[in-house]
Amino acid sequence: MLNEDLRDSCGPVVELRPVDENNWYDCTELEVSDEQKSFFPVPAVYWLAESAYCGFTPLALYTDEELVGYAVTAVDPDDGSHWIMAFMIDQRFQNRGLGRSGMKQLIQYMRDKYACSKIVIGHRPENVQAAALYASLGFEEVDREEQEVIRELRFS
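Criteria and thresholds
- Residues numbered from 1 in each chain as written.
- Predicted model: local features only at pLDDT ≥ 70, side-chain atom pairs only at ≥ 80, totals over all residues.
- Heavy atoms only, no water.
- Salt bridge = Lys/Arg side-chain N within 4 Å of Asp/Glu carboxyl O.
- Buried < 20%, exposed > 50% of the residue type's maximum accessible area, 1.4 Å probe, protein only.
- Core = buried A, V, L, I, M, F, W, Y, C linked by side-chain atoms within 4.5 Å.
- Helix = DSSP H or I, 4+ residues; strand = E, 2+ residues; numbered from the N terminus.
- Contact = heavy atoms within 4.5 Å.
- Pairing = 2+ DSSP bridges.
- Axes fitted to C-alpha atoms, helices over the stretch in contact; angles between N-to-C directions.
- Phe/Tyr/Trp six-rings, centres within 6.5 Å; stacked < 30°, edge-to-face > 60°.
- Lys NZ or Arg CZ within 6 Å of the ring centre and 35° of its normal.
- Disulfide = S-S within 2.5 Å.
- Arc of directions from axis to C-beta.

Peer 1: Tell me about the pattern of salt bridges, and please be specific about residues and values.
Peer 2: On inspection of all chains with the given rule, the structure shows eight salt bridges. Between E31 and K37 there is a salt bridge whose closest N-O contact spans 3.8 Å. The residue R144 makes a salt bridge to E141 at a minimum N-O spacing of 2.9 Å. The partly exposed category is assigned to R144, whose relative accessible area is 49%. Taking the relative accessible area as the measure of exposure, E141 reaches 38% and is therefore partly exposed.

Peer 1: Any chance you could break down the nonpolar core for me, citing the residues and the numbers?
Peer 2: Judged by nonpolar contacts, the single largest core of 25 residues is most densely connected at I84, F87, M103, L106 and F139. Elements with a minimum of two residues in this core: β2 (57-63), β3 (66-75), β4 (82-89), α4 (98-114), β5 (118-123) and α5 (128-136). Apart from residues no more than four positions distant in its own chain, F87 is found in contact with F40, L61, Y70, A71, G99, G102, M103, L106 and Y134. Counting 17 residues, the second-largest nonpolar core is a separate cluster that includes V19, F40, F56 and A60.

Peer 1: So, the sheet that holds strand β1 (residues 15-18): which residues are in play, and what are the values?
Peer 2: Pairing between the strands of a sheet is mediated by backbone hydrogen bonds and can be parallel or antiparallel. Pairing in this open sheet of seven strands is mixed, and the strands run β1-β2-β3-β4-β5-β7-β6 from one edge to the other. Each edge of the open sheet carries a strand with a single partner, namely β1 and β6 (140-144). When the angles between neighbouring strand axes are averaged without regard to direction, this sheet yields 30°. By the bridge criterion, three bridges tie β4 to β5 in an arrangement that is parallel. The residue of β5 that forms the bridge with I84 is I121. α4 rests against β1, β2, β3, β4, β5 and β7 (149-154) of the sheet, and its axis sits at about 155° to β4. Across the face of the sheet, α5 comes into contact with β4, β5 and β7 while running at roughly 165° to β5.

Peer 1: Summarise the packing of aromatic side chains; cite the residues concerned and give the values.
Peer 2: Counted by the stated rule, this structure contains three aromatic pairs. Seen in terms of ring centroids, W24 and Y25 are 5.8 Å apart; in terms of plane orientation they differ by 90°. Their pairing is edge-to-face. Classification of W24 by relative accessible area gives partly exposed; the value is 44%. Sitting above the plane of the Y62 ring, R17 keeps its charged end 4.0 Å from the centroid. Stacked on the ring of F155, the Lys or Arg R111 has its end atom at 4.0 Å from the ring centre.

Peer 1: Please set out the state of the cysteines residue by residue, giving values where relevant.
Peer 2: Under the defined criterion, the tally for this structure stands at zero disulfides. Left unpaired, C27 is separated from the closest cysteine sulfur, that of C54, by 18 Å. Judged by relative accessible area, C27 falls into the buried class, the value being 1%.

Peer 1: Account for helix α3 (residues 44-54), naming residues and giving values.
Peer 2: Among the residues making up α3, those that are buried are A44, W47, L48 and S51. Projected onto a plane normal to the axis of α3, the buried residues spread over an arc of 100° and lie on a single side. The secondary structure elements touched by the buried residues of α3 are α2 (24-28), β2, β3 and β4. G55 sits one or two positions beyond α3 and adopts a positive phi of about 80°.

Without other data, these values stay purely geometric and don't point to any function.
Now the structure itself:
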């Protein structure tokens, strides 16, 4: 626990900002690596369009004033579940702790904004890096299908 506390205090700081007229195009330029496109195939422009027309909330992830990734959240209208629909760090900024820092900021943002009791996220089964990150942050696997693993982070 001490090592994680130390890493968190020394790790990179990620700030969440709204996607707006000043940064939306820059968000569309973010990409995962070619190897990751098989399990993260949807480009940012799709998520931004879906957000505009389906009521999702897109967020830009910054560190030191540099755009490094994006996230998309949504509330399921059927059951009120709070979802992280997409979360990505651009290939140029991966393996620097920004994913962990960004996900922690996103979890806190959702807890503060929605006062939710759980957050749901899905990922492709072959995305082992995402699985490891989400599990390390407390997301527990609740369902597994051929194309998607569903995880929940519950709050007491």
